[in-house]
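Structural features, examined
Letter by letter, the chains look like this.
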Amino acid sequence: MTATFKSTNNLTIPAGWHRLSPIWQGDAQAIQKGLPHTQLAPTWQMLLLGDGSPTRHLELLTGEPTEVDVIDMSLVGMDLDNAPDLIEAVPGPRLRRQVWLRTASGQRLAYATSWWEASHVDEYLQNRSLPIWASLARLRTELYRDVQGVYYGYSDALQSGFGVNGPFWGRHYLFWHHGQPLTLIYEVFSPYLTKYLGPMQVTANGKV
């Protein structure tokens, strides 16, 4: 897998991060049960509610390497940073990392924010321009992705960044390593992925 570090020219480095304004959200119980297909199609549920690597999924869907544009690396200390409540499981002081995930040809597919214990981030992100999955795979790090929240909502910044109108689907989860929380990640996926996954919802009669 290849990856490059590039600054985005059309977006300034944000002081905050891009959280969805949800029109619907679900908790871990909804995720475990799964959503009605009229709300979220099965292919999209596999991406959003499963515990596999989204970076790897995106590569398999597009047939291209998944590359990363890092747009923010900020020390946020002990601030809760308007993050999901699970941020308190990540020891502080913390560092926040924001990225676009895109194809090698430049199509943005997802946005992600992650929070790390600042004193340990270099241990796991030795090359900060790599996707997290690629960095941890190189280290043979054993992980458990614990999806705890799913969202459907809007963000003007993400609409501008993706170049596609919302609403958008997103989620947050903890990475666990050796029984301890390693990082909290918040991801939002572009509707562009309907090109590969099909429509986001299935109609009541079972058609897409």
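Attention here is on the structure that accompanies the text. Quick caveat, the model's predicted, so the values are computed rather than measured.

Attention now goes to the packing of aromatic side chains. Going through the model one piece at a time under the given rule, you end up with 10 aromatic pairs. With centroids separated by 4.8 Å and ring planes inclined at 70°, the aromatic side chains of W17 and Y186 adopt a geometry described as edge-to-face. A residue pair is termed long-range when its members are at least 10 positions apart, and W17 in the segment before β1 (21-26) and Y186 in strand β7 (residues 180-189) qualify at 169 residues. Per residue, the accessibility class of W17 equals that of Y186, and both read buried. Relative to F168, the ring of F162 lies with its centre 5.6 Å away and its plane at 50°, an arrangement referred to as tilted. Classification of F162 as buried rests on a relative accessible area of 5%. One Lys or Arg, R108, reaches over the ring of W100 and ends 4.3 Å from the middle of that ring.

Among the 10 residues in strand β3 (residues 94-103), 10 count as buried, and that is most of the element. Covered by surrounding structure in β3 are R94, R96, Q98, W100 and R102 together with L95, R97, V99, L101 and T103, the residues of both alternating faces. Direction of pairing for strand β2 (residues 66-77) relative to β3: antiparallel, over a ladder of 10 bridges. Bridge pairing in β3 links G77 to R94. Where β3 and strand β4 (residues 108-117) come together, nine bridges link them in antiparallel fashion. Note on β4: the bridge partner recorded for R96 is W115. Linking two consecutive strands that pair antiparallel, namely β3 and β4, is a turn of four residues; a positive phi of about 110° is found at G106 within it.

Conventions and cut-offs
The numbering scheme is per chain: residues are counted from 1 as the chain's sequence reads. Only residues with pLDDT of at least 70 are given local features in this predicted model, and only at 80 or more are side-chain atom pairs given and counted; all residues enter the totals for whole chains, interfaces and linings. As a convention, hydrogens and water are excluded, and side-chain values are obtained from all of the structure's heavy atoms. Between the rings of Phe, Tyr and Trp (Trp by its six-membered ring), a pair exists once the centres lie within 6.5 Å; its type follows the angle of the planes, with under 30 degrees stacked, over 60 edge-to-face, and the other angles tilted. Secondary structure is summarised from DSSP: a helix means a run of H or I of at least four residues, a strand means a run of E of at least two, and numbering begins at the N terminus for each. Whether a residue is buried, partly exposed or exposed follows from its accessible area with a 1.4 Å probe, protein chains only, as a fraction of its type maximum: under 20%, in between, or over 50%, in that order. A ring is scored as having a charge over it whenever the NZ atom of a lysine or the CZ atom of an arginine sits within 6 Å of its centre and within 35 degrees of its normal. Pairing between two strands is assigned when DSSP locates at least 2 bridges connecting them.

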